[in-house]
Amino acid sequence: MIPPVPSPTGDILFAFLSIVLEGAPYLLLGTLISGFIDAYLPSNAMDRLLPRRPIFAILVAGLLGGFFPVCECAVVPVIRRLLKKGLPLSCAVTYMLSAPIINPVVVLSTLSAFKGQNPVFMTCSRLLMAYIVTVIIGFIVSRLRVDRVLRDHVLADGETSHSHAHGSHDQRVTHALRVARADFLDTAMYFVIGVLITSVFNTRLVVLPQAQGAIGLLSGNDALAIPGLMALAFVLSLCSTTDAFIAASLAGFSWVARLAFLVFGPMADLKLIFLYSSVFKKAFVARLILGLLLLVALLSVAWKYAAPPLLNLIHGPAL
Amino acid sequence: MAPPSDHDHHGHRCSHDHDHDHETAHSDHVHGPECGHGPGHSHGATGSPAAAFPWSRVAPCFLLLLWGGVMVYYFASGRVIHYLTGFGGFRLQTLICGLLLCVLAAFELLVRPVPAGSESESDAEECRGCGGDHDHSHDHSHDHGHGGSSGGWVAKALTFLILAVPLSAAALYSPDRYSDQFFINKANAVTSSNTGALGGGGVDLAKRAAKARPLPGAADGTAAAAGGSTAFTVDELERLSGGRTPEGNIPLQLVELFYMPAQTRDVQEVVSTQVIETTGQAIKDKQDPTKMRLFRLMMTCCAADARPISIPVEFTEAPPSWREMGWYKVTGTVEYREINGEQSTVFKASALTPGKPPRQQMMY
């Protein structure tokens, strides 16, 4: 089959298909995990795993990504299932936001991407800031009413929680695959919308000379560069396992702006808005994105001034 | 009644009136004759005439086969090379995912009709067995439209279209490459930095050399500086570049030259002693339009993250005339110089010949 001639529409389709071919395996992985969680994890497993005190539970949830690594596309179906298994909402949100950053694959990719540009400092800053942000968000969510956060059918799922921890092995596998199938199609719909919009932005807007000029203008001043790169991360919707390579190549931008890019991107971007909407109410998604924007920006500025003196204390001038 | 906090919200811990109301309501619904399936959903013998054709099963099946089929086709036809890098197993993941989706579709088509009826019976028995402290509408809500539990046929049709149309359009009409206009825009985009990031890892000559050599850590720059006999050699460069061209030049990818400043000193030195040949598109230098840069797009993992990389080309004699965005092969030597505060590879070209666009539009 001879592929059609390149065209502006072809650019969109080409970019769209490339993200789908890259992302769909992770989406499927997430939904398979979700299916097997549903079939094999007893309802009270989460109670046993997490500390009883809500504060400690949230603090632990922020680190779960280290043991259950999933990237941001895969995490959404997984937390939906964990919510059903009794994971408290605040912990679920903290895990959902932190797992795409606080996980071994991302640590390794960030270290190798920033080779020659303070890799250890960048990686530690990224993990630390992601942890602080997600835990703060978790505390805020724990004060909210569940029925104002979760979509009605997800809420209903939680209330009608039914454990499949009994039943034969075959029945459980059958059940797991059925759940995986349903979750895959469910999540893929939001994924498609997000990727489609991202592809249009990527091939028609970000590459325009005017947009590139604007990006160049931002790079000099951190007051503009930090929100600028966060906006870029939002539009580009990169995968958290590879965004460090893009961040490392953004010539002219300060390390703080790139750090904001690396922390904000995996928690909030165009495709994630739609994926989050499969679980959360629209008003909550909007507030979550806004809250993350403010929090990451503020913490980045704080870290910009706090980090160099701290590093000096540890081992002489480094930056 | 206090608003339920999230920690004690879920059914198994609940003691709120609020939650009990819900459970009662649900159990009424669920233990009805349809066993959790809404009206219009046929399975086994309980199908109503209106639902004689099992859309609820055929549509997901079709979608899974479509997604799986597209992924397997793009892998099997080799077209995937234009979309994903060869590093990190991205292409293999696509194949595995495609096959698994086909398996899920087959499972949906073949396995489900039989157990659907019998399973709900056995589940019902189990439910009686375990005291009824939970009810039994598990997951059937998923079959009721993906847009939400209230989804009617409009929502179902919309879901179906969103899942089917963009992917089909892309699979049928994707040109496997970007348009020239996209390339021109990218070529003039903010230049990438060449410090640090070594793409997917395959461009790292020192790393490749270290892997190819029996002695571990031999590519380490400090070992070479200390006068070790394990330093990078011309022979290794020849082998890693895939052998000399008929003219006796070392063919290197533009990306390998671009990242040369990040290589160890011994690699840099060996490369600078050889006549190198590389291919790319010619573009004007933004700061000095009389000067030429050689440009290519490089993807990190998929085509959507393609970013522009370019190196300056200087001519030993008067620069020949060249066409903007034309493909050229340059022959000459490389040197390393600081440009705008960053170490950069500069190509000192002795010859410029029009070249053919490579089969793969992008590098990785």
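Residues numbered from 1 in each chain as written. Chains lettered and ligands numbered in written order. Predicted model: local features only at pLDDT ≥ 70, side-chain atom pairs only at ≥ 80, totals over all residues. Heavy atoms only, no water.

1. A few points about the overall build of chain A
For step 1, the next point in the chain: Check the secondary structure of chain A and you find 16 helices and zero strands.
For step 2, the next point in the chain: When burial is assessed residue by residue, chain A has 62% of its 319 residues classed as buried.
For step 3, the next point in the chain: Intrachain contacts of chain A at a sequence separation of at least 6 include 84% that bridge at least 24 residues.
For step 4, the next point in the chain: Surface summary for chain A: the accessible area is close to 11,300 Å², and the carbon and sulfur share equals 73%. (Helix = DSSP H or I, 4+ residues; strand = E, 2+ residues; numbered from the N terminus. Buried < 20%, exposed > 50% of the residue type's maximum accessible area, 1.4 Å probe, protein only. Contact = heavy atoms within 4.5 Å. Areas by Shrake-Rupley, 256 points an atom, 1.4 Å probe, with all protein chains shown as cover.)

2. Quick look at the packing of helix H3 (residues 54–61) of chain A against helix H5 (residues 89–98) of chain A
Between two packed helices, what matters for the description is the angle formed by their axes and the separation of those axes.
All names here are of chain A.
For step 1, the next point in the chain: Between H3 and H5, the least distance of the axes is 8 Å, while the angle of their chain directions is 20 degrees. The orientation of H3 relative to H5 falls into the category roughly parallel. In the packing of H3 onto H5, the handedness of the crossing is right-handed. When H3 is examined against H5, the residues Ala57, Ile58 and Ala61 are found in contact with a partner set consisting of Ser90, Cys91, Thr94, Tyr95 and Ser98.
For step 2, the next point in the chain: In the contact of H3 with H5, the residues fall into five nonpolar, three polar and no charged. (Axes fitted to C-alpha atoms, helices over the stretch in contact; angles between N-to-C directions. Parallel < 35°, antiparallel > 145°, perpendicular 65-115°, else oblique. Left-handed = near helix turned anticlockwise from the far one by under 90°. Nonpolar A, V, L, I, M, F, W, Y, C, P; charged D, E, K, R; others polar.)

3. Description of the side chain of Thr94 of chain A
Residue and element names in this part refer to chain A.
For step 1, the next point in the chain: Examined against the element boundaries, Thr94 turns out to sit in helix H5.
For step 2, the next point in the chain: A residue is classified by how much of its surface remains accessible, and Thr94, at 0% relative accessible area, is buried.
For step 3, the next point in the chain: For Thr94, the side chain forms a polar contact with the main-chain oxygen of Thr134, separated by 3.3 Å. (Polar contact = N/O pair within 3.5 Å; in protein donor to acceptor, adjacent residues only side chain to side chain.)

4. Things to note about the packing of helix H1 (residues 8–40) of chain A against helix H4 (residues 72–84) of chain A
All names here are of chain A.
For step 1, the next point in the chain: Contact pair H1 / H4: the axes reach a minimum separation of 7 Å and the direction vectors enclose 15 degrees. Between H1 and H4, the interaxial angle falls into the category roughly parallel. Here H1 runs over H4; the crossing is right-handed. On the side of H1, the interface is formed by Tyr26, Leu27, Gly30, Thr31, Ile33, Ser34, Ile37 and Asp38, while H4 contributes Cys73, Ala74, Pro77, Val78, Arg81, Leu82 and Lys84.

5. Re the nonpolar core
For step 1, the next point in the chain: In this structure, Phe261 and Phe280 of chain A together with Trp67 and Tyr178 of chain B are the most contacted members of the largest nonpolar core, which totals 153 residues.
For step 2, the next point in the chain: Taken together, domain 1 (14–173) and domain 2 (180–354) of chain B each give at least three residues to this core, which thus spans both.
For step 3, the next point in the chain: Excluding residues within four positions of it along the chain, Phe280 of chain A makes contact with Ile79, Leu89, Val93, Met96, Val149, Leu150, Arg151 and Val285 of chain A.
For step 4, the next point in the chain: Formed by 30 residues, the second largest nonpolar core is a distinct cluster that contains Ile250, Val255, Ala282 and Met298 of chain B. (Core = buried A, V, L, I, M, F, W, Y, C linked by side-chain atoms within 4.5 Å. Domains from an automatic or database assignment.)

6. Focus on helix H12 (residues 222–236) of chain A
All names here are of chain A.
For step 1, the next point in the chain: For H12, built from 15 residues, the straight-helix expectation of 21 Å at 1.5 Å per residue is met to within 8% by its first-to-last C-alpha distance of 20 Å.
For step 2, the next point in the chain: Burial runs high along H12: eleven of the 15 residues are buried.
For step 3, the next point in the chain: Regarding H12, the residues found buried are Asp222, Ala225, Ile226, Gly228, Leu229, Met230, Leu232, Ala233, Phe234, Val235 and Leu236.
For step 4, the next point in the chain: One side-chain oxygen at the N-terminal end of H12 lies 3.0 Å from the backbone nitrogen of Ala223; it belongs to Asn221. (Expected span 1.5 Å × (residues − 1).)

7. Quick notes on the pattern of salt bridges
For step 1, the next point in the chain: Within this structure, the stated rule accounts for 19 salt bridges over all chains.
For step 2, the next point in the chain: Note that Asp152 of chain A and Lys281 of chain A form a salt bridge whose closest N and O atoms lie 3.3 Å from each other. Highlighted residues: Asp152 of chain A in helix H9 (residues 152–159) and Lys281 of chain A in the loop between helix H15 (270–276) and helix H16 (282–315), separated in sequence by 129 residues.
For step 3, the next point in the chain: Residue classification places Lys281 of chain A among the partly exposed residues on the basis of a relative accessible area of 25%.
For step 4, the next point in the chain: Note that Arg337 of chain B is salt-bridged to Glu335 of chain B, the shortest N-O span being 2.9 Å.
For step 5, the next point in the chain: The partly exposed category is assigned to Glu335 of chain B, whose relative accessible area is 31%.
For step 6, the next point in the chain: Salt bridges sharing common partners tie together Asp38, Arg80, Arg81, Lys84, Asp183 and Asp186 of chain A. (Salt bridge = Lys/Arg side-chain N within 4 Å of Asp/Glu carboxyl O.)

8. Topic: a nonpolar patch on the surface
Residues and elements named next belong to chain A.
For step 1, the next point in the chain: A contiguous nonpolar patch, built from Leu128, Ile132, Ile136 and Ile140 and spanning about 310 Å² of accessible area, is present on the exposed surface.
For step 2, the next point in the chain: Note that Leu128 resides in helix H7 (residues 119–142).
For step 3, the next point in the chain: Taking the relative accessible area as the measure of exposure, Leu128 reaches 43% and is therefore partly exposed. (Patch = residues over 30% accessible without salt bridge, like charges linked within 9 Å, V, L, I, M, F, W, Y side chains within 5 Å.)

9. Digging into the side chain of Thr187 of chain A
For step 1, the next point in the chain: Inspection of the secondary structure assignment puts Thr187 of chain A in helix H10 (residues 169–205).
For step 2, the next point in the chain: Of the polar contacts made by the side chain of Thr187 of chain A, one reaches the backbone oxygen of Asp183 of chain A; its length is 2.5 Å.

10. With respect to the packing of aromatic side chains
For step 1, the next point in the chain: Overall, the coordinates contain 13 aromatic pairs over all chains when judged by the stated rule.
For step 2, the next point in the chain: With centroids separated by 6.3 Å and ring planes inclined at 10 degrees, the aromatic side chains of Phe121 of chain A and Trp303 of chain A adopt a geometry described as stacked. Separated by 182 residues along the polypeptide, Phe121 of chain A in helix H7 and Trp303 of chain A in helix H16 bring together distant segments of the chain. Here the two residues Phe121 of chain A and Trp303 of chain A agree in accessibility, since each one is buried.
For step 3, the next point in the chain: Here the aromatic residues Phe14 of chain A together with Tyr73, Tyr74, Tyr83, Tyr178 and Phe182 of chain B are joined through ring pairs into a cluster of three or more. (Phe/Tyr/Trp six-rings, centres within 6.5 Å; stacked < 30°, edge-to-face > 60°.)

11. So, the pairing of strand S5 (residues 327–339) of chain B
All names here are of chain B.
For step 1, the next point in the chain: Sheet topology places strand S2 (residues 276–284) next to S5; six bridges connect them, and they run antiparallel. Of the residues in S5, the one forming a bridge with Glu277 is Thr331.
For step 2, the next point in the chain: Across twelve bridges, S5 lies against strand S6 (residues 342–354) in antiparallel orientation. Across the sheet, the residue bridging to Glu335 is Val346, located in S6. (Pairing = 2+ DSSP bridges.)

12. Digging into the environment of Leu95 of chain B
Residue and element names in this part refer to chain B.
For step 1, the next point in the chain: Tracing the backbone shows Leu95 in helix H3 (residues 90–110).
For step 2, the next point in the chain: Taking relative accessible area as the criterion, Leu95 reaches 18% and is therefore assigned buried.
For step 3, the next point in the chain: Distance from Leu95 to Val72, taken between C-alpha atoms, is 5.3 Å for residues 23 residues apart in sequence.
For step 4, the next point in the chain: The residues contacting Leu95, other than those within four sequence positions of it, are Val72 and Phe75.

13. Section: unusual backbone geometry
For step 1, the next point in the chain: The backbone phi angle of Ser237 of chain A is positive, close to 50 degrees, even though this residue is not glycine.
For step 2, the next point in the chain: The exposure class of Ser237 of chain A is buried, given its relative accessible area of 7%.
For step 3, the next point in the chain: Of note, Asp176 of chain B is a non-glycine position whose phi angle comes to about 65 degrees, a positive value.
For step 4, the next point in the chain: Relative to the elements of secondary structure, Asp176 of chain B occurs in the loop between helix H5 (153–173) and helix H6 (180–187).
For step 5, the next point in the chain: On the basis of relative accessible area, Asp176 of chain B is assigned to the buried category, the value being 6%.

14. A word on the confidence of the model for chain B
Residue and element names in this part refer to chain B.
For step 1, the next point in the chain: Of all residues in chain B, 62% attain a pLDDT of 70 or more, and the chain-wide mean is 70.
For step 2, the next point in the chain: Low confidence marks residues 1–51, where pLDDT is under 50. Its contacts with residues over four positions away, or in another chain, come to 75 contacts.
For step 3, the next point in the chain: In this model, residues 114–150 is a region of pLDDT below 50 whose contacts with residues beyond four sequence positions or in other chains number 81 contacts. (pLDDT = per-residue confidence, 0-100.)

15. Structural notes on the pairing of S2 of chain B
Residues and elements named next belong to chain B.
For step 1, the next point in the chain: The buried fraction of S2 is high, at seven of nine residues.
For step 2, the next point in the chain: Pairing of S2 with strand S3 (residues 292–298) involves four bridges; the strand directions are antiparallel. Its bridge partner being in S3, Gln281 is matched across the sheet by Phe295.

16. Digging into the environment of Thr290 of chain B
For step 1, the next point in the chain: Within the secondary structure, Thr290 of chain B sits in the loop between S2 and S3.
For step 2, the next point in the chain: C-alpha separation for the pair Thr290 of chain B and Pro319 of chain B, spaced 29 residues apart in sequence, amounts to 8.9 Å.

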